[in-house]
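# Breakdown of the fold
Spelled out from the first residue to the last, the chains are:
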Amino acid sequence: MKRRDFLKYQLHGALWLAAGASGLVSAESLFAEAAPDVAVVKGAPGAATRAAVELLGGMKAFVKPGQRVVIKPNMSFPHPVERGSNTHPEVVTALAAMCKEAGASRVLVLDHPLSSAERCLEQSGIREACQAIEEDMVHAFTSPSFYREADIPKGEDMKRNQVMRDVLEADVLIAAPTAKSHSSAGVSLSLKGMMGLILDRGVMHGRHELDEAIVDLASLLKADLTVIDSSYVLTTGGPSGPGKVIKADTVIASRDMVAADATCVASFEWYGRTFKPQQVNHIRRAAERGLGRLDIENLHTRTLTL
């Protein structure tokens, strides 16, 4: 994304705030209400991201001045955003910009790619887009030197793994996955996405039971804010694609990783049919272990169309 385009979409978000969503209610009245458990916003990726976070109380509710923030998107594959395997660059830049506006001292965008790091950084478009905010913000770490061994105190199957140092040292963790299917886990959303912050994810498929290990890892790497990019939902063929992609132009946000993932599962078709969140093993187990709620029918969800 060129700087001119970045400024253009940031302005779009600001205009939305000034005008009010859909022209039906004022922006002020929207934000004056109690923050919902889940925010679902349809619209252009950057503006929808900003609106969803504002509905939750704004980025200042999550990031305090001087804090160090890590944003974890999907950028593990050298594919354009339309394929649905990587997070939309406008979602990532909107989050990064809001973190800086909230006073974050450092914002890093990190992932451990499954393909060539350089090709992923280039072809996902995320590195170029974030350069409009700050140089050297986006990294795809593959060297063991960027990781250190960490205990997982609440792990029931996986007790230890090597986690990115910057993540362990961060004050705030933001999960920003794209919504996509996954051949082993059913879906790959915020809970599954934490696997991109460890060095050896292979042990989660081989040595450990995958669904249980996903929950173990999420008990350590519990995002403070989850923003699921559902601009292009990869409903089959995940995690890399190609597969059936639904252009949904939607962003789902929550303080609760489980609630965000559950809402996303219920919002779209997967493998040509609908599923209940309880049918996805790692989401159900995460709820059973107290990491969040999947009873989305009882949650306060705010929906908005820009």
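If you're wondering where the values come from, they're calculated on a predicted model, not measured in any experiment.

### Focus: the overall build of the chain
Helix and strand counts for the chain come out as 12 helices and 12 strands. Long-range pairs, those at least 24 residues apart, make up 73% of the contacts in the chain with a sequence separation of at least 6. When the accessible surface of the chain is summed, it comes to about 12,000 Å², and 50% of that surface belongs to carbon and sulfur atoms.

### Structural notes on the pattern of salt bridges
Pairing between side chains of opposite charge can happen when the charged atoms of each approach one another. Under the criterion given, the structure shown has 17 salt bridges. Note that arginine 106 and aspartate 166 form a salt bridge whose closest N and O atoms lie 3.6 Å from each other. With a gap of 60 residues between them, arginine 106 in strand S3 (residues 106-111) and aspartate 166 in helix H7 (residues 165-169) connect regions that are remote in the sequence. Note on aspartate 166: relative accessible area 16%, which makes it buried. Among the ionic pairs, glutamate 269 bridges to lysine 244, the shortest N-O distance being 2.8 Å. Of the two residues, glutamate 269 sits in the loop between helix H11 (257-267) and helix H12 (281-288) while lysine 244 sits in the loop between strand S10 (225-234) and strand S11 (245-254), which places them 25 residues apart along the sequence. Overall, the relative accessible area of 23% leaves glutamate 269 in the partly exposed class. Connected through salt bridges with shared partners, the residues Glu156, Glu209, Glu212, Asp216, Arg285 and Arg289 form a single ionic network.

### Concerning helix H4 (residues 89-101)
Spanning 13 residues, H4 covers 18 Å between terminal C-alpha atoms, matching the ideal 18 Å at 1.5 Å per step. H4 sits mainly inside the fold: 10 of its 13 residues count as buried. Here H4 has its buried residues at Pro89, Val91, Val92, Thr93, Ala94, Leu95, Ala96, Ala97, Met98 and Cys99. Backbone geometry just downstream of H4 places glycine 103 in the positive-phi region, at approximately 100°.

### Describing H12
Residues spaced three or four apart along an α-helix point in a common direction, a consequence of the helix completing one turn every 3.6 residues. Buried within H12 are the following residues: His282, Ile283, Arg285 and Ala286. All buried residues of H12 lie within an arc of 165° about the axis, which places them on one face of the element. Immediately beyond the C-terminal end of H12, within one or two residues, lies glycine 290, with a positive phi of roughly 80°.

### Concerning the packing of aromatic side chains
For any two aromatic rings, the description comes down to two numbers: the centre-to-centre distance and the angle of the planes. A complete count under the given rule lists 1 aromatic pair for this structure. Their ring planes at 10° and their centres at 4.0 Å tell us that phenylalanine 141 and phenylalanine 146 sit as a pair that is stacked.

### A few points about unusual backbone geometry
Here the residue pair glycine 238 and proline 239 is connected by a cis peptide bond, since its omega of 15° sits within 30 degrees of zero. In this chain, glycine 241 is followed by proline 242 through a cis amide linkage whose omega measures 5°. Position of proline 242 relative to the elements: it lies in the loop between S10 and S11. At aspartate 136, a position not held by glycine, the phi torsion is positive, near 60°. By secondary structure assignment, the location of aspartate 136 is in the loop between helix H6 (126-130) and strand S4 (138-140). Assessed through its relative accessible area of 57%, aspartate 136 is described here as exposed. Phi is positive for tyrosine 271, close to 55°, though the residue is something other than glycine. Within the secondary structure, tyrosine 271 sits in the loop between H11 and H12.

### Digging into the side chain of serine 254
Along the chain, serine 254 falls in strand S11. Judged by its relative accessible area of 0%, serine 254 falls in the buried class. Within the structure, serine 254 has its side chain in polar contact with the backbone nitrogen of aspartate 256 (distance 2.9 Å). Not counting residues up to four positions away in its chain, the partners in contact with serine 254 are Asp37, Val38, Leu56, Leu225, Thr226, Ala259 and Ala260.

### So, the confidence of the model for the chain
Per-chain confidence: the chain averages 92 in pLDDT, with 90% of residues scoring 70 or above. Note on residues 1-25: pLDDT under 50 across the span, and 42 contacts to partners over four residues away in sequence or across chains.

The rules behind these values
- Residues numbered from 1 in each chain as written.
- Predicted model: local features only at pLDDT ≥ 70, side-chain atom pairs only at ≥ 80, totals over all residues.
- Heavy atoms only, no water.
- Helix = DSSP H or I, 4+ residues; strand = E, 2+ residues; numbered from the N terminus.
- Contact = heavy atoms within 4.5 Å.
- Areas by Shrake-Rupley, 256 points an atom, 1.4 Å probe, with all protein chains shown as cover.
- Salt bridge = Lys/Arg side-chain N within 4 Å of Asp/Glu carboxyl O.
- Buried < 20%, exposed > 50% of the residue type's maximum accessible area, 1.4 Å probe, protein only.
- Expected span 1.5 Å × (residues − 1).
- Arc of directions from axis to C-beta.
- Phe/Tyr/Trp six-rings, centres within 6.5 Å; stacked < 30°, edge-to-face > 60°.
- Polar contact = N/O pair within 3.5 Å; in protein donor to acceptor, adjacent residues only side chain to side chain.
- pLDDT = per-residue confidence, 0-100.

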